[in-house]
Amino acid sequence: MNKTLTRGAAALPLNTILDGDCIEAMSGLPSNSVDLIFADPPYNLQLKGQLHRPDNTKVDAVDDHWDQFSSFGVYDEFTRAWLKQARRILKPNGSIWVIGSYHNIFRVGTAVQDEGFWILNDVIWRKSNPMPNFRGKRYTNAHETMIWASKSEGAKYTFNYEALKALNEGLQMRSDWVMPICTGHERLKDEAGNKAHPTQKPEALLHRILVGSTNPGDVVLDPFFGTGTTGAVAKMLGREFIGIEREAAYREVAEKRIKSVRKFDREVLQVSASKRAEPRVPFGQLVERGMLRPGDELYSMNQRHKAKVRADGTLIGDNIKGSIHQVGAHLENAPSCNGWTYWCFKRDGKTVPIDVLRQQIRAELQN
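Residues take numbers from 1 onward in each chain, read along the sequence in its written order. pLDDT decides what is reported in this predicted model: residues at 70 or higher carry local features, side-chain atom pairs at 80 or more are listed and counted, and totals for whole chains, interfaces and linings draw on all residues regardless. Hydrogens and water molecules were not included; the side-chain quantities draw on all heavy atoms of the structure.

> Would you take a moment to explain the packing of helix 2 (residues 72–89) against helix 3 (residues 105–114) for this structure?
Axes are the key here: two packed helices are described by the angle between their axes and the distance separating the axes. In this description, a line fitted to the C-alpha atoms serves as the axis of each element, helices being fitted only across the stretch in contact, and the angle between N-to-C directions of two axes falls anywhere from 0 to 180 degrees. Secondary structure elements follow DSSP: runs of H or I no shorter than four residues count as helices, runs of E no shorter than two count as strands, and numbering proceeds from the N terminus. It is at 10 Å that the axes of helix 2 and helix 3 come closest, and there the two elements cross at 40 degrees. Taken together, helix 2 and helix 3 sit at an angle that is classed as oblique. Two packed elements cross with a definite hand, and for helix 2 against helix 3 that hand is right-handed. Taken together, the residues of helix 3 that come into contact with helix 2 (itself represented by Phe72, Tyr75, Asp76, Thr79, Arg80 and Leu83) are Arg107, Val108, Thr110, Ala111, Val112 and Asp114. Note on residue categories: nonpolar means Ala, Val, Leu, Ile, Met, Phe, Trp, Tyr, Cys or Pro, charged means Asp, Glu, Lys or Arg, and polar means any other residue, Gly included. Considering only residue class, the contact of helix 2 with helix 3 consists of 6 nonpolar, 2 polar and 4 charged. Small angles under 35 degrees read as roughly parallel and large ones over 145 as roughly antiparallel, with 65 to 115 read as roughly perpendicular and the rest as oblique. Here a crossing is called left-handed whenever its near helix is offset anticlockwise from the far helix by less than a right angle, and right-handed whenever the offset is clockwise. Residues are treated as being in contact if the distance between any of their heavy atoms lies within 4.5 Å.

> What's the story with the nonpolar core in this structure? I'm lost.
The tendency in soluble globular proteins is for nonpolar side chains to be buried side by side. Buried Ala, Val, Leu, Ile, Met, Phe, Trp, Tyr and Cys residues form a nonpolar core when they are joined through side-chain atoms within 4.5 Å. Buried, partly exposed and exposed residues are distinguished by accessible area as a fraction of the type maximum, computed with a 1.4 Å probe on protein chains only: under 20%, between the cut-offs, and over 50%, respectively. Core analysis: the biggest nonpolar cluster contains 31 residues, and Trp97, Ile99, Met146, Trp177, Leu205, Ile209 and Leu210 have the highest contact counts within it. Put simply, the parts of the chain that give this core at least two residues each are strand 4 (34–39), strand 5 (90–100), strand 6 (118–127), strand 7 (143–150), strand 8 (176–179), helix 5 (203–213), helix 6 (229–236) and helix 7 (248–259). Sort the elements by how many residues they give to this core and helix 5 lands first, with 5 residues. Beyond its immediate chain neighbours, meaning those up to four positions away, Leu205 contacts Ile99, Trp125, Met146, Trp177 and Met179. Of all hydrophobic cores here, the second largest spans 29 residues; its members include Ala39, Phe78, Ala111 and Val112.

> Even after reading the chapter, I still don't get the sheet that holds strand 10 (residues 240–245), so can you show me in this structure?
Whether parallel or antiparallel, the strands of a sheet pair through hydrogen bonds between backbone atoms. Pairs of strands are assigned from DSSP output, requiring at least two bridges between the strands. Pairing is mixed across the open sheet formed by 8 strands, whose spatial order is 3-10-9-4-5-7-6-8. Unpaired on one side and paired on the other, strand 3 (16–19) and strand 8 mark the two borders of the sheet. Between one strand and the next, the sheet's axes are offset by a mean angle of 20 degrees, whatever the strand orientation. Pairing geometry for strand 3 and strand 10, over 4 bridges, is parallel. The residue bridging Leu18 from the neighbouring strand is Ile244, located in strand 10. Contacting strand 4, strand 5, strand 6, strand 7, strand 8 and strand 9 (219–222), helix 5 crosses the sheet at an angle of about 140 degrees to strand 8. Helix 7 contacts strand 3 and strand 10 of the sheet and is inclined by roughly 175 degrees relative to strand 3.

> Sorry, what's going on with the pairing of strand 5 here?
Moving residue by residue along a regular strand, the side chains alternate between the two faces of the sheet. Counting buried positions along strand 5 gives 9 out of 11 residues, so the element sits mostly inside the fold. One ladder, built from 5 bridges, connects strand 4 with strand 5; its direction is parallel. The residue of strand 5 that forms the bridge with Leu36 is Ser95. In this structure, strand 5 lies alongside strand 7, joined through 6 bridges in antiparallel fashion.

> Before we go on, may I ask you to explain helix 6 in this structure?
Counting buried residues along helix 6, 7 of its 8 residues qualify, which places the element largely inside the surrounding structure. Within helix 6, burial applies to Thr229, Thr230, Gly231, Ala232, Val233, Ala234 and Met236. Buried positions along helix 6 lie against strand 4, helix 5, strand 9, strand 10, helix 7 and helix 8 (266–269). Positive backbone phi, at 75 degrees, marks Gly238, one or two positions downstream of helix 6.

> What am I meant to see in the environment of Trp340 here?
Mapped onto the elements of the fold, Trp340 is located in helix 11 (residues 339–342). Take Trp340: its relative accessible area is 6%, and that puts it in the buried class. Each C-alpha atom, one on Trp340 and one on Val356, is 8.9 Å from the other, the two residues being 16 residues apart in sequence. Among all residues touching Trp340, those that are not within four sequence positions of it are Val281, Pro282, Phe283, Leu286, Ile324, His325, Ile354, Asp355 and Arg358.

> Would you explain unusual backbone geometry in this entry?
Leaving glycine out, the prevailing phi sign among residues is negative, and the prevailing peptide bond configuration is trans. Even without being glycine, Asn32 reaches a positive phi, approximately 50 degrees. Its location among the elements puts Asn32 in the loop between helix 1 (22–27) and strand 4. We note that Gln303 has phi near 65 degrees; this positive angle belongs to a residue other than glycine.

> Whenever I open this one, helix 10 (residues 324–331) confuses me. Can you help?
Structurally, the α-helix is built with 3.6 residues per turn, so residues lying three or four positions apart point the same way. The complete set of buried residues in helix 10 reads Ile324, Val327, Gly328, Ala329 and Leu331. Phi for Asn333, located one or two positions after helix 10, is positive at around 55 degrees.

> What should I look at first to understand the pattern of salt bridges in this one?
It is possible for side chains of opposite charge to pair when their charged atoms get near one another. Just to be clear on terms, a salt bridge is a Lys or Arg side-chain nitrogen sitting within 4 Å of an Asp or Glu carboxyl oxygen. Taken as a whole, this structure holds 14 salt bridges when the rule is applied. Of the charged contacts, one joins Arg107 and Asp76 as a salt bridge, the two residues approaching to 2.8 Å between their closest N and O atoms. Remark: Asp76 occurs in helix 2 and Arg107 occurs in helix 3; sequence separation between them is 31 residues. Asp355 is paired through a salt bridge with Arg358; the nearest N and O atoms lie 2.6 Å apart. Here Asp355 pairs with Arg358, and both are found in helix 12 (residues 355–366), just 3 residues apart, close to one helical turn. Residue Asp355 shares its accessibility class with Arg358, and that shared class is buried.

Written out as structure tokens, the structure reads:
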């Protein structure tokens, strides 16, 4: 499963789970080398004793040693240390996601800002099937908070807006995500039938994050890898991953899990792109390349107007000359007009939008 990517004198251990402390492991990675970091750090839940249900059965809560810190000060020191390394290895146009509960996310958020990251959004993961509050003394903890941040103020970052909109049936993706916690077939179990990890995240959560914040081939780092949800989803989506996990039992489960994952075909990994991200094609290129000839007539989609193509890629019609947009706006007495969707031409008796020709050129440019 291992693969390396050389960057100068250093190499990235791609598709590998590194054994050890995350701070030490990150310190060995080259600066400005990863595209995205997803971090699910210890929550420092501060549990006092065991938690029981009303029928006195024990709740399988998070009481592992890796979630225990002697004080808030010690936890803060740990947080700042790993965030410092995370920011160093993140590319200038990369971003970071950090997830937490009310126990730690506000302290982590302060550290994120203090280290120089620029918060883009906080996203609420609302659990559709949360664990109930057994003591009945507080509200049911039905959500976790994620912080999404760029490396610095004003930095560029990947945001696949159109892809997320497509995931949401054509509506803008909101900052409150309703998803279930891991149950049933997705919940990994150890040989004794117990949860392999107490805070396993659902693959749906990482799917949305990686589709929205990365592109195929990007390198995703998870410094708290656990049982490998980030790695499994990254592999499916054609991203490279680096995991760091100090617990041998979790690494073993993650290795086995990721080995069984099949990468999606290259064709289906492409997602809806923003129109702004597509190559700009001037209308004049269609004329230069003979796709339309000077003197050819264009017709408005409503068939009420027509204009002739000129040698310089402008149009002339009804005492108006100018770009495809200007002429269309004038003829419709409108403040503006998208000429690409307004004009069409005729071939073999059929009406064809000129945008078809633009898309042909774009397809050539992207191959």
